[in-house]
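# Close look at the chain arrangement
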Amino acid sequence: MKTHYQAVVIGGGVVGASVLYHLAKLGWKDVCLLERSVLTAGSSWHAAGGIHALNADPNIAALQAYTIDLLSEIEEESGQNIGLHMTGGMTLAGTPDRWEWLQSAYRTFQSIGIDDCRLITPEEAGELCPIMSTDGILGGMWADREGYVDTTGTVHAYAGAAKKYGAEIVEHSRVLELNQTATGWEVVTEKGTIQTEHVVNAAGLWAKQVGRMAGIELPVSPLNHHYLISDTIPQLEELDFEVPMTVDLEGFTYMRQDQKGILLGIYEVDHQHWMMDGAPWEYGFELQQEDTDRIEHELTLGFERYPALQDVGVKTWVNGAFTFAPDGNPLVGPVRGKPGYWCACAVMAGFLQGGGVGKSLAEWMIHGEPEADVYGMDVARFGDYAGNKRFIKETTGQFYTRRFVMTYPNEQLPAGRPLKMAPAYSDMTAAGCRWGVSAGLEVPLYFAPDAEFEETPTLKRSNAFDIVAEECRAVREKVGLLDTSGFSRFEVTGDGAEAWLNHIMACTLPKPRRSKLAPMLSAEGKLKGDLTLFNWGDGTWWIMGSYYLRDWHMRWFHDHMGNDVTVRDIADATVGFSLSGPNSRKVIEKLTDGPIADLPFMGCGAFDIGLMRAKVGRLSVAGELGYEIHCSAAEHIALRHALLEAGADLGMREVGFNALLSLRLEKSFGIWSAEFTQGYTAGQTGMDRWIDWDKDFVGKSAVVAERDGNGPAQKLVTLEVDADDADATGFEPIWAGGQLVGFVTSGGYGHTVGKSMAMAMLDREHCAEGTELLVHIVGAERSARVIAPSPYDPAGAAMRG
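Residues numbered from 1 in each chain as written. Predicted model: local features only at pLDDT ≥ 70, side-chain atom pairs only at ≥ 80, totals over all residues. Heavy atoms only, no water.

Attention now moves to the nonpolar core. Core analysis: the largest hydrophobic core is formed by 68 residues, its most contacted members being I10, L34, L178, L331, Y341 and Y446. Each residue touching L178, except ones within four places of it in the same chain, is listed here: I10, W185, E186, V187, V199, V210, M213 and Y341. Counting residues in hydrophobic clusters, the runner-up holds 65 residues, among them A159, A161, L223 and W364. (Core = buried A, V, L, I, M, F, W, Y, C linked by side-chain atoms within 4.5 Å. Buried < 20%, exposed > 50% of the residue type's maximum accessible area, 1.4 Å probe, protein only. Contact = heavy atoms within 4.5 Å.)

Here we take up the sheet that holds strand β36 (residues 772-777). Strand order in the closed barrel formed by six strands is β32-β35-β34-β33-β36-β37, and the pairing between neighbours is antiparallel. Between one strand and the next, the sheet's axes are offset by a mean angle of 40 degrees, whatever the strand orientation. Of the strand pairs in this sheet, β36 and strand β37 (residues 780-787) are connected by six bridges, and their pairing is antiparallel. Residue pairing in the sheet places L774 in a bridge with S783 of β37. Running at roughly 70 degrees to strand β33 (residues 733-736), helix α3 (residues 96-111) makes contact with β33, β34 (739-750) and β36 of the sheet. Across the sheet, helix α17 (residues 657-665) lies against β34 and β35 (755-763), angled at about 125 degrees from β34, the strand it touches most. (Pairing = 2+ DSSP bridges. Helix = DSSP H or I, 4+ residues; strand = E, 2+ residues; numbered from the N terminus. Axes fitted to C-alpha atoms, helices over the stretch in contact; angles between N-to-C directions.)

Once that is clear, we can look at the environment of W274. Mapped onto the elements, W274 comes out in the loop between β15 (261-266) and α8 (296-305). A relative accessible area of 12% means that W274 is categorised as buried. Residues W274 and A344, 70 residues apart in the sequence, show an inter-C-alpha distance of 20 Å. Dropping the residues within four chain positions of it, W274 is found in contact with L205, P222, L223, N224, A279, P280, Y283, Q288 and A321.

This brings us to the packing of aromatic side chains. Here the structure, examined in full by the defined rule, presents 23 aromatic pairs. Ring centres 5.8 Å apart and planes at 55 degrees place the aromatic pair W45 and F285 in the tilted group. Of the two residues, W45 is situated in the loop between β2 (31-34) and β3 (50-52) and F285 in the loop between β15 and α8; the sequence distance between them amounts to 240 residues. F285 sits in the partly exposed class, given a relative accessible area of 42%. With a centroid separation of 4.7 Å and an interplanar angle of 50 degrees, the aromatic rings of W274 and Y283 are classed as tilted. In textbook terms, an aromatic cluster arises when at least three aromatic residues are bridged by ring pairs, as seen for Y254, Y267, F324, F399, Y400 and F404. (Phe/Tyr/Trp six-rings, centres within 6.5 Å; stacked < 30°, edge-to-face > 60°.)

Along the chain, the position of E217 falls in the loop between α6 (207-212) and β12 (221-230). Judged by relative accessible area, E217 falls into the partly exposed class, the value being 36%. In this structure, the C-alpha to C-alpha distance between E217 and A386, residues 169 residues apart in sequence, is 8.5 Å. Residues in contact with E217, not counting those within four places in the same chain, are K208, R212 and G387. For E217, the side chain forms a polar contact with the side chain of K208, separated by 3.5 Å. Polar side-chain contacts of E217 include one of 2.7 Å to the side chain of R212. (Polar contact = N/O pair within 3.5 Å; in protein donor to acceptor, adjacent residues only side chain to side chain.)

To continue, consider the pattern of salt bridges. Within the structure shown, the criterion is met by 46 salt bridges. Here E411 and R402 are joined by a salt bridge, their closest N and O atoms 3.5 Å apart. Owing to a relative accessible area of 22%, E411 belongs among the partly exposed residues under this scheme. Salt-bridge contacts for D722 lead to R785; the nearest nitrogen and oxygen are separated by 2.7 Å. (Salt bridge = Lys/Arg side-chain N within 4 Å of Asp/Glu carboxyl O.)

On to the sheet that holds strand β25 (residues 541-546). The five strands lie next to each other as β23-β24-β25-β22-β26, forming an open sheet whose pairing is antiparallel. The two strands at the open ends of the sheet, each matched to only one other strand, are β23 (514-521) and β26 (566-569). Strand-to-strand twist of the sheet, defined as the mean angle between neighbouring strand axes without regard to direction, takes the value 30 degrees. Across four bridges, strand β24 (residues 527-535) lies against β25 in antiparallel orientation. When the sheet's bridge partners are listed, L533 is paired in β25 with I543.

Next up on the list: the packing of helix α5 (residues 151-164) against helix α9 (residues 350-367). Contact geometry for α5 and α9: axes closest at 12 Å, N-to-C directions at 10 degrees. On the basis of their axis angle, the class for α5 and α9 is roughly parallel. Each of T151, T154, V155 and Y158 in α5 lies in contact with α9, whose residues at this interface are F351, G354 and G355. For the contact of α5 with α9, the class distribution of residues is three nonpolar, four polar and no charged. (Parallel < 35°, antiparallel > 145°, perpendicular 65-115°, else oblique. Nonpolar A, V, L, I, M, F, W, Y, C, P; charged D, E, K, R; others polar.)

Let us now look at α5. Here α5 is 14 residues long and its end C-alpha atoms lie 20 Å apart, about the 20 Å a rise of 1.5 Å per residue gives. Most of α5 sits out of view: ten of its 14 residues are buried. Along α5, the residues classified as buried are T151, G153, T154, V155, A157, Y158, A159, G160, A161 and A162. Looking at the packing, one finds that the buried side of α5 touches α1 (14-25), α2 (58-78), β8 (168-170) and α9. Its side-chain oxygen 2.9 Å from the backbone nitrogen of G153, D150 forms the N-cap of α5. (Expected span 1.5 Å × (residues − 1).)

Right, let's talk about the packing of α1 against α5 for a bit. At a closest axis distance of 8 Å, the pairing of α1 and α5 adopts a crossing angle of 25 degrees. With respect to α5, the element α1 is oriented roughly parallel. The element α1 and its partner α5 pack so that their crossing is left-handed. Packed against α1, whose contacting residues are V14, A17, S18, L20, Y21 and A24, the element α5 presents V155, Y158, A159, A161 and A162 at the interface. Broken down by class, the residue content of the contact of α1 with α5 amounts to ten nonpolar, one polar and no charged. (Left-handed = near helix turned anticlockwise from the far one by under 90°.)

Remember that the coordinates give geometry; whether it matters functionally is a separate question.
Structure below.
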């Protein structure tokens, strides 16, 4: 072991070994992996080792597919047998809703390029897995690229290949301390002290402690997970093939063959956390005692699904811990305020996702950005709130319990809630508000007129459909009041503020007392934000965006900070409401004697609103005459009361974000995480119309190259869909002449235009208005066509009037 390395990876499981391998393969030879015991002495040795390419997030699915392709490569490079068995796999549905969902999921996989899966009948499922009972099965989905690996062999293959590229591995060297230095990190180990520019926390069950060594409270927790391995099953001995990986969603089990028996794994509803503050340092190859009483229900279902288990014994029980994040996805990437500290934690499915995690993190460290859009596993998707122990326990437990439970797109889950609430939360709840959650903050979805109303979880249009329609009508015809606490707000000040904003934003900066839509780009020309920039005219600027991206954006700001500029997150201290609709000016005029009528479209300024001294911007995501009114958190309740009183005789109605999502579709306004992501360019999404091509900014060379080259292969369009009882939500495939030509980015019902609508990323040769297409909505084929943007008020007269 040397005293200096360019990067040090902490943790010798499959994730740490993959990160080391990719760093060395991509060119960083001066790298070292530190393992407190020996390789695999954590979760890796007892993992079930299942692999499959299916994932509803297309970016994570791509990384899983990359991992599968990589396995044979590292086996060859290292000379280490990884025991790869590519058996194929089935996912089974046992209820009508689940079967409908599985058919929809099949179409989603088609849209993201996974074309080696197909729907199967119960009879086909029984033929593919003869030891399985098909009682209660309505159908299933088969995937070719499923199977399993030898877990220990796979870790050693990553490690062996990494060493051939020049990396070093040091076992029996526990990290004792991490100390930040001017040039990186001091890593104090049992075998000495190392200086390094970069530290990677891939410590698995010990990730919590390695985070705390750097002053970081990671939202991770281990939970125990059971599986059993049966004795030899005579029926399997008679087969000349291996039975496939099989997931029985209603039975909470997964199964694969193990020699001539089977491995049966259980995601039990009665979950059990283990060592939430991190595993003991001396722990490694131990297991917890099996708890068959706790898993009795799921175990019974498993034995019924595979009746042969009733006639043989259990050879081995495994009850071991795996580390989970609140949403079940990994925690990957740099930590804000800790330069050179990187996470590769909570990779629940390490043998499935470890290759992709290692690749993305190595690219991030070496090149500054990963090739893929990895926001779904970016550590910055969680803020400080997620470090709370009770929050972690509730949310990780909820994810584990619901691993195989049907979850609907309109379903609101309770764990870790309510946590953060706008000041007027209680008054809005009393007024019938039904709440969703965004990064720990309760946000209004809609207002139910009946206190007893409960929304039914569904894949189709819900019983809240008419309520949302009424809210949309109020905005279009009179005036709607929306709590805007669920937006982020950053205050930018300092002598260097304008120069910094001019560099980091691709648009022309707004003049004093004006606002502007502001695309923010990466060096590669990909989107890093669809933001709104306010110039208040007194040297103070605001950046507004999505509340759930606060930490992600703040990390980007800090990583690209200029001189003499200060960026402050004021989102929880500054809240507000928006008014949208033809009567919105009449409402606000009742509350101010300022020249509010003179405020132009996209103008902004300070006004007395009732008793409040508020900041006001004239803009509307709904595409109507509208105003955003910003106040301190202490004034939120009073502002709401004042606005409701002023609007009482003008048809004012409180509305939620479900209505706003419908209204913005009618204007072809995109939103982040759907139409806008860091995987898309400004040219693809139409955000290039806001670019100031005459100035220098981050990402300019990339977007100029796209503009002056062949242009993007796909473009964002608006679709009208012939749907009746269900609407698109996202990632539904779009077909033309039997060919896959794009996918839906988001969809819903346009209550004003009376049509089912969607926005879609479409191959550019199919983007002409009037192009007839087919799209699958909840698995059913529907006709669709490209229409002109902004089917409601295409000239924008309402917004500007």
